[in-house]
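# An overview of the molecular structure
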Amino acid sequence: MTDLLRRLFRTRQGAFGVSILMIVTLICLLGPALAPYSPDRMDFLGRFAAPGVRHWLGADQFGRDELSRLLYGARDTVPAALLATLAGTLVGAVLGTLSAYAGGSWDEAIMRTIDAVMAIPGLLLALLIASTLGGGEQSALLAIAIAFAPGMARITRSVALAARQEEYVAAAIARGESGVRIVFAEMLPNVIAPVIVETTIRVSFAVMLLATLSFLGLGAQPPSSEWGLLVSDGRTYLHDAPWLVLVPGAAIAISAIGFNLLGDGLRDALNPRDER
Amino acid sequence: MSLTWLSRRLLLMAYTMLVVAVLVFAITQVLPADAAVTLLGQNATPAALLALRQKLGLTDPTWLQFWHWLWSLLHGNFGTSMRTGLPVGPTMFAALSRSLLLAACSILLMLVIAVPLGVLAALRRGSALDVFASLVSYLGISVPEFVTATFVLVVLADRLGWLPATGYVPLSQHFADGVRHLIAPVLTISLVLIAHVARMMRSETIDVLASDYVRAAQLKGLLRRTVLVRHVLRNALLPVVTVVALDVGYLLGGIIVVEEIFAIPGIGRELLIAIQNRDLPSIQAGALIMAGTYAVANLLADIAYALLDPRLRYD
């Protein structure tokens, strides 16, 4: 484990990614403590204040401090994306491992159906599910988890198929272990590494998807200051107060880049052979 | 490319579309919307609602409703919009044609930029250009379309005033103006595509450059340019075909957002309006047509791949 971490930090992407994500984590943990104002505090004299001494990142149409809103909103954005991805990964990993273990026509049927579900573009699927669930932060979260599961199942399956050929599975079958035990106790722990890499990269998609759903009105609802919602709010005042869209937009992008870099770093750290 | 391969591939596509249809139907069944209430309004009498529900077939068992729906779909009938009262099919296909124009322009711009960028980055690894290319890749992959679109609007339309902010002008109506309205959305969409393809192109080119046949071609004394075009480019481009097809999925997702922001009356915007208004037939048609477009793109990519790679032809 420490060896992996050392190798991770030796890759340029890994070191960058971890640094970015540490800052993002700190913001999520300490955001409300760091915020100079309450995110809902209105100041009608300070409406559309440009970034300056009073409001470091400016103020919005109600004079609410943009920095405070950003710091509070981090909690509705990044941890939510992480949670959605983990839920999707868990369901997908179990499904993919089961499919690989079952093999034969079961495997074929499950995989063709997964292919079919994946024929629906991710955002479209998430949109449809989120609107079915009635919109709001929780349904957006669930929609992303459901939309991610098929892709994760496909990846886990391909890794698990390789694992199935391994001798330890044959040994477990010979020992007379039950199918469930072989899947969960023997195979799942061994297919986890590539799945972790894929999950990390997918968190960045989840951050973007979650923000996009809020932007389209199907995710977090006001008065939340989820970052996608901040962009959507600020869009009306693009001309007079561009910082209202630029600041949360940059925050979304930086967090997503952090997870992408970490994923790439992890991939390199886990495959030392690949020198690219 | 054998006939069995093609027929198996087509069968797979039919199965895909069937699953998609089941899924879309299931999702719209769960949607909290009552067509009868939507049509008659909140104040309609229970008797009138019941009568209309019976007339619309909403009291039938679900499987029968699905069967009726699928049957009319197969006859090209997508139903009537609950919002406008117009047939959904023609509306959606007209919108799709505008989206396809946007998509085609974006893919074209992507190819023109991403392929040379990826190859050059691979030829000069570690150079400023390589660093720039990987920076563009990270940005393209990590910035959601609605943010890119907003940035493009702020800079190109608002601050610099080079482009019109939003809206759509058909090319047939006023060509130059139509093109000007397309620039910002095309830039937004192609950034993601450039990111994916430039990255793929770079790593493929690096692989191909290290291969034996390229070394052999170089040792044979072929011109550097000949080796690059005939051996490196040709082989490195092959996997890109698949990436482009997969990217059509991102593209269709991105198009929903981009059309909404730039107010382009394409299929993504139609679908969003349908979702906001709980217009079930339009949601179903929009989702199905988008998924169908993606399926066709993947089919074409597979066929292109089989034609380009002789090893796959006799599978």
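Predicted, not measured: the structure shown is a model, and the values here were computed from it.

This next bit is on the overall build of chain B. Secondary structure assignment for chain B yields 12 helices and 0 strands. For chain B, the succession of helices and strands along the chain, N to C, is α-α-α-α-α-α-α-α-α-α-α-α. With respect to the three principal axes, the spread of C-alpha positions in chain B is 85 × 55 × 35 Å. By the burial criterion, 38% of the 315 residues in chain B qualify as buried.

Below, the discussion takes up the overall build of chain A. Scanning chain A for helices and strands turns up 11 helices and 0 strands. When the helices and strands of chain A are placed in sequence order, the string is α-α-α-α-α-α-α-α-α-α-α. By its C-alpha atoms, chain A is 75 × 45 × 30 Å across when sized along the principal axes. Looking at chain A as a whole, 52% of its 276 residues are labelled buried. Restricting to contacts in chain A with at least 6 residues of sequence separation, those with at least 24 account for 72%.

Contacts between the two partners involve 37 residues from chain B and, on the opposite side, 37 residues from chain A. Only α1 (3-30), α6 (128-142), α7 (145-159), α8 (175-209), α10 (224-262), α11 (267-276) and α12 (280-308) of chain B provide two or more residues apiece to the side of chain B that touches chain A. Examining the composition of the side of chain B that touches chain A, we find that 8 residues originate from one element, α1(B), more than from any other. Among the residues forming the side of chain B that touches chain A, the class breakdown is 29 nonpolar, 6 polar and 2 charged.

Turning our eyes to something else, we now look at the packing of helix α9 (residues 192-215) of chain A against helix α10 (residues 227-234) of chain A. All names here are of chain A. The N-to-C vectors of α9 and α10 enclose an angle of 40°; their axes lie 7 Å apart at closest approach. Relative to α10, the element α9 lies oblique. Remark: the crossing between α9 and α10 carries right-handed chirality. Seen from α9, the contacting residues are Leu-210, Ala-211, Thr-212, Ser-214 and Phe-215; seen from α10, they are Trp-227, Gly-228, Leu-229, Val-231 and Ser-232. Class assignment of the residues belonging to the contact of α9 with α10 gives a composition of 6 nonpolar, 4 polar and no charged.

Here the focus is the nonpolar core. Formed by 162 residues in total, the largest nonpolar core has its most connected members in Leu124(A), Ala126(A), Ile129(A), Ile144(A), Val207(A), Leu210(A) and Val197(B). Ranked by the residues each element gives to this core, the list is headed by α10(B), at 16 residues. Excluding anything up to four places from it in sequence, Ala126(A) contacts Ala143(A), Ile144(A), Ala147(A), Leu209(A) and Leu213(A).

Bringing helix α7 (residues 167-174) of chain A into the picture now. Burial runs low along α7(A): only 0 of the 8 residues are buried. Gly176(A), located one to two residues past α7(A), shows a positive phi value of around 85°.

Calculation criteria
Residues numbered from 1 in each chain as written. Chains lettered and ligands numbered in written order. Predicted model: local features only at pLDDT ≥ 70, side-chain atom pairs only at ≥ 80, totals over all residues. Helix = DSSP H or I, 4+ residues; strand = E, 2+ residues; numbered from the N terminus. Buried ≥ 20, exposed ≤ 12 C-beta atoms within 10 Å, placed from the backbone. Contact = placed C-beta atoms within 7 Å. Nonpolar A, V, L, I, M, F, W, Y, C, P; charged D, E, K, R; others polar. Axes fitted to C-alpha atoms, helices over the stretch in contact; angles between N-to-C directions. Parallel < 35°, antiparallel > 145°, perpendicular 65-115°, else oblique. Left-handed = near helix turned anticlockwise from the far one by under 90°. Core = buried A, V, L, I, M, F, W, Y, C linked by C-beta atoms within 7 Å.

Spatial relationships are all this shows, so hold off on functional conclusions.
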